[in-house]
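# Inside the fold
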Amino acid sequence: MEKSQRRKGIQDLPENERPRERLAQRGESALSSQELLAILLRVGVVGMSAVDLGKELLDRFEGLRGLHAASFDELCEVKGLGPAKAAQLKAAIELGYRMQQESEKSKPRFSKPEDVDEHMHHLLAGKTQEELWVLALNTRNQLIRKQQLYKGTINHSSARMAEIMEIPIRARAAAIILVHNHPSGDPKPSAEDIRFTEELVSAGQLMDIGVLDHIIIGKIDYSSIRKLGQVSFKSSPGKHWD
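Residues numbered from 1 in each chain as written. Predicted model: local features only at pLDDT ≥ 70, side-chain atom pairs only at ≥ 80, totals over all residues. Heavy atoms only, no water.

### Some thoughts on the pattern of salt bridges
Our working definition: A pairing counts as a salt bridge when a side-chain nitrogen of Lys or Arg comes within 4 Å of a carboxyl oxygen of Asp or Glu. Numbering goes from the N terminus for both helices and strands, where a helix is a DSSP run of H or I of at least four residues and a strand is a run of E of at least two. We call a residue buried when its accessible area falls under 20% of the maximum for its residue type, exposed when it is over 50%, and partly exposed in between, using a 1.4 Å probe and counting protein chains only.
Taken as a whole and assessed by the stated rule, the structure comprises 8 salt bridges. Measuring nitrogen to oxygen at the nearest pair gives 2.4 Å for the salt bridge that ties Arg195 to Glu192. Within this pair, Arg195 and its partner Glu192 are both found in helix H9 (residues 191-207), separated by 3 residues, close to a single helical turn. You can call Arg195 partly exposed: its relative accessible area is 29%. What makes Glu192 partly exposed here is its relative accessible area of 31%. Among the charged side chains, a network of salt bridges with common partners joins Glu192, Arg195 and Glu199.

Structure below.
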């Protein structure tokens, strides 16, 4: 069989265009979806490389979500696939989907101030120095980033709003919760805590980032500035927040 009449495999591509070699050299994130599919497919069809076949699949089913939704029989109907390759594709996509589900389940979800206290109390209660933490959340109030911003005597005037807001912006978060401790053990917010929270809510409104609460951890108990009603959070309604 002449080369033009047989299926084109990955080895028929120039070495610098072979997906497996590129993955080994640059990592899987450097490859396009069609190149990743080509690695699973290994060979294409007559006149079409595995990379071209990968593109054909993405076009036909309108992306990876469409491939995931396609039935086994629908994949088998594609010229060049067959049961074995259809099964490989379905298995690979399902593994990726399950990994995403596991990741979502592992993220703590905060629906009330008590959830934050449970998550942070062991870290901050009894500390001899103040620590200021920012919890960045997605639209489901799941934690996507937890970052300490200051440690030591926290001068609220030195806690720049830009530094705080940079955290949810980088994390592509929908909302934040501010948490800090009182080494004295008394979680009652100070006048400065209240003023600072008001400024933070205003900054969040300007940046379109919700400020759900400011939690203060004491030795035994905690305070929620939102729950105390000492600051208006009207500009940060806080979905699923009690």
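### What to know about the pairing of strand E5 (residues 175-181)
Here is the rule we go by: Here the rule is simple: two strands pair whenever DSSP picks up at least two bridges between them. Crossovers are marked right-handed if the path from the first strand over the helix to the second runs clockwise, as seen with the strands pointing away from the viewer.
Counting buried residues along E5, 7 of its 7 residues qualify, which places the element largely inside the surrounding structure. A two-sided burial pattern is seen for E5, the buried positions comprising Ala175, Ile177, Val179 and Asn181 on one face and Ile176, Leu178 and His180 on the other. As defined by bridge partners, strand E3 (residues 131-137) adjoins E5 across 6 bridges and the pair is classed as antiparallel. Following the sheet pairing, Leu137 is matched in E5 by Ala175. As for the winding sense of the linkage, the β-α-β connection from E5 through H9 to strand E6 (residues 210-217) is right-handed.

### Thoughts on the confidence of the model for the protein chain
Spelled out, the test is: Each residue carries a pLDDT score, the predictor's own confidence in it, on a scale running from 0 to 100.
Per-chain confidence: the protein chain averages 84 in pLDDT, with 84% of residues scoring 70 or above. Ranking the helices and strands of the protein chain by mean pLDDT puts strand E7 (residues 222-224) first, with 96, and strand E1 (residues 7-9) last, with 53.

### A closer look at the environment of Leu58
Going by this rule: Whether two residues are in contact is decided by their heavy atoms, any of which lying within 4.5 Å being enough.
Relative to the helices and strands, Leu58 is located in helix H3 (residues 50-61). If we skip the residues at most four places from it in the chain, Leu58 touches Ser33, Gln34, Leu37, Gly63, Leu64 and Leu67.

### Re the nonpolar core
We apply this condition: Buried Ala, Val, Leu, Ile, Met, Phe, Trp, Tyr and Cys residues that are joined via side-chain atoms within 4.5 Å together make up what is termed a nonpolar core.
Counting 24 residues, the largest nonpolar core has Ile164, Ile176 and Leu200 as the members making the most contacts within it. Listing elements by their share of this core, those giving two or more residues are E3, strand E4 (143-151), helix H8 (161-171), E5, H9 and E6. The contacts of Ile164, once residues within four sequence positions are left out, are Val134, Leu149, Ile176, Leu178, Phe196 and Leu200. In terms of nonpolar packing, the next biggest core, distinct from the first, is built from 15 residues, Leu124, Trp133, Val179 and Ile217 among them.

### Regarding the sheet that holds E3
The pairing of strands in a sheet happens through backbone hydrogen bonds and is either parallel or antiparallel. Applicable threshold: Note on definitions: angles span 0 to 180 degrees between N-to-C directions of axes, and those axes are lines fitted to C-alpha atoms, for helices only across the stretch in contact.
Read from one edge of the open sheet, 5 strands run E4-E3-E5-E6-E7, paired in mixed fashion. Since the sheet does not close on itself, it has two edges, and those belong to E4 and E7, each with one partner. Adjacent strand axes in the sheet meet at a mean angle of 20 degrees when their direction is disregarded. Here H9 sits on the sheet and contacts E5 and E6; the angle it forms with E6, its principal contact strand, is near 160 degrees.

### Brief notes about helix H2 (residues 33-41)
Residue pairs spaced three or four apart in an α-helix point in one direction, given the helix's 3.6 residues per turn. Stated formally: Taken from the helix axis, the directions to the C-beta atoms give the arc we talk about.
Of all the positions in H2, only Glu35, Leu37, Ala38 and Leu41 are classed as buried. The arc enclosing the buried residues of H2, seen along the axis, measures out at 160 degrees, which places them on a common side.

### Some points on the pairing of E3
Most of E3 sits inside the fold, with 7 of its 7 residues counted as buried. Burial along E3 is two-sided: the face carrying Glu131, Trp133, Leu135 and Leu137 and the face carrying Leu132, Val134 and Ala136 are both buried. Hairpin connection from E3 to E4: 5 residues lie between these consecutive antiparallel strands, with Asn141 at a positive phi of about 65 degrees.

### So, the packing of H2 against H3
Our working definition: Each crossing is labelled by how the near helix is turned from the far one, with a counterclockwise turn of less than a right angle marking it left-handed and a clockwise turn marking it right-handed. Charged means Asp, Glu, Lys or Arg here, nonpolar means Ala, Val, Leu, Ile, Met, Phe, Trp, Tyr, Cys or Pro, and polar covers whatever is left, Gly included.
The N-to-C vectors of H2 and H3 enclose an angle of 115 degrees; their axes lie 7 Å apart at closest approach. As for the relative orientation of H2 and H3, their crossing is right-handed in sense. Here Ser33, Gln34, Leu37, Ala38 and Leu41 of H2 come into contact with H3, specifically with Ala50, Val51, Leu53, Gly54, Lys55, Leu57 and Leu58. Residue composition of the contact of H2 with H3, by class: 8 nonpolar, 3 polar and 1 charged.

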